[in-house]
Amino acid sequence: MPFIFLTALLDRDNELRGRTLGADDYVTKPIDFDVLATIINARLARVARMDIWRPTVDLSERETDTLTWSARGKTSDEIAQILGLTKRTIDFHLDSARAKLGVATRTQAVVKAVTGRLIEP
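Not measured: the values here are computed from a predicted model. (Residues numbered from 1 in each chain as written. Predicted model: local features only at pLDDT ≥ 70, side-chain atom pairs only at ≥ 80, totals over all residues. Heavy atoms only, no water.)

**Digging into the overall build of the protein chain**
Inference 1: Along the protein chain, the regular secondary structure elements total 6 helices and 2 strands.
Inference 2: Ordered by position from the N terminus, the helices and strands of the protein chain form the series β-α-β-α-α-α-α-α.
Inference 3: If you take every contact in the protein chain between residues at least 6 apart in sequence, the share linking residues at least 24 apart comes to 45%.
Inference 4: Accessible surface computed for the protein chain: about 8,000 Å², of which carbon and sulfur atoms make up 55%. (Helix = DSSP H or I, 4+ residues; strand = E, 2+ residues; numbered from the N terminus. Contact = heavy atoms within 4.5 Å. Areas by Shrake-Rupley, 256 points an atom, 1.4 Å probe, with all protein chains shown as cover.)

So, in structure tokens, the structure goes:
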């Protein structure tokens, strides 16, 4: 469920504190109810989409590991050293994850996996 922080506190420190507590959005007073309604609808649509999309993608542990390291900026060679595997094996797992996610590139796979909360970079 989305968490929207409504407040009268406009300063940056309070916004950072609210986001640190888990707020998905930070809305200050006076409230523009059209903007608030748009934010709520967008957040609820995202939650609904995640409920439908996420269970249909079943990444293996190695696919998740390789995507996570790729999201952190590591190359296939670096990931191979970290995981104690060969570069060829890393590329195999990344290609498999890419195919499961239905995208053409490694970067698209990382973005889709992060957006879908399948990995945390």
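**Here we look at the pattern of salt bridges**
Inference 1: Going through the model one piece at a time under the given rule, you end up with 4 salt bridges.
Inference 2: Linking Glu63 and Lys100 is a salt bridge whose minimum nitrogen-to-oxygen distance equals 2.9 Å. Placement of the pair is Glu63 in helix H3 (residues 61-71) and Lys100 in helix H5 (residues 87-101), with a sequence separation of 37 residues.
Inference 3: On the basis of relative accessible area, Glu63 is assigned to the buried category, the value being 3%.
Inference 4: We note a salt bridge from Arg98 to Asp95, for which the minimum N-O separation is 3.8 Å. Separated by 3 residues within a single helix, Arg98 and Asp95 lie in helix H5, roughly one turn from each other.
Inference 5: Using a relative accessible area of 24% as the deciding quantity, one classes Arg98 as partly exposed.
Inference 6: Residue Asp95 is classed as partly exposed on the basis of its relative accessible area, which comes to 41%.
Inference 7: Each of the salt bridges in this network shares a partner with another, and the network as a whole consists of Lys87, Asp91 and Arg106. (Salt bridge = Lys/Arg side-chain N within 4 Å of Asp/Glu carboxyl O. Buried < 20%, exposed > 50% of the residue type's maximum accessible area, 1.4 Å probe, protein only.)

**Details of unusual backbone geometry**
Inference 1: Cis geometry is adopted by the peptide bond preceding Pro30, which originates at Lys29 and carries an omega value of -5 degrees.
Inference 2: Following the sequence through the fold, Pro30 ends up in the loop between strand E2 (25-28) and helix H2 (33-53).
Inference 3: A positive phi angle is found at Arg117, which is not glycine, with a value near 60 degrees.
Inference 4: By secondary structure assignment, the location of Arg117 is in the segment after helix H6 (106-115).

**Details of the nonpolar core**
Inference 1: Leu59, Leu67, Ile90, Leu101, Ala113 and Leu118 are the most contacted members of the largest nonpolar core, which totals 16 residues.
Inference 2: Elements with a contribution of two residues or more to this core: helix H4 (76-83), H5 and H6.
Inference 3: Excluding residues that lie within four positions of it along the chain, Ala113 makes contacts with Leu67, Leu101, Leu118 and Ile119. (Core = buried A, V, L, I, M, F, W, Y, C linked by side-chain atoms within 4.5 Å.)

The values reported here are purely geometric and, on their own, carry no functional implication.
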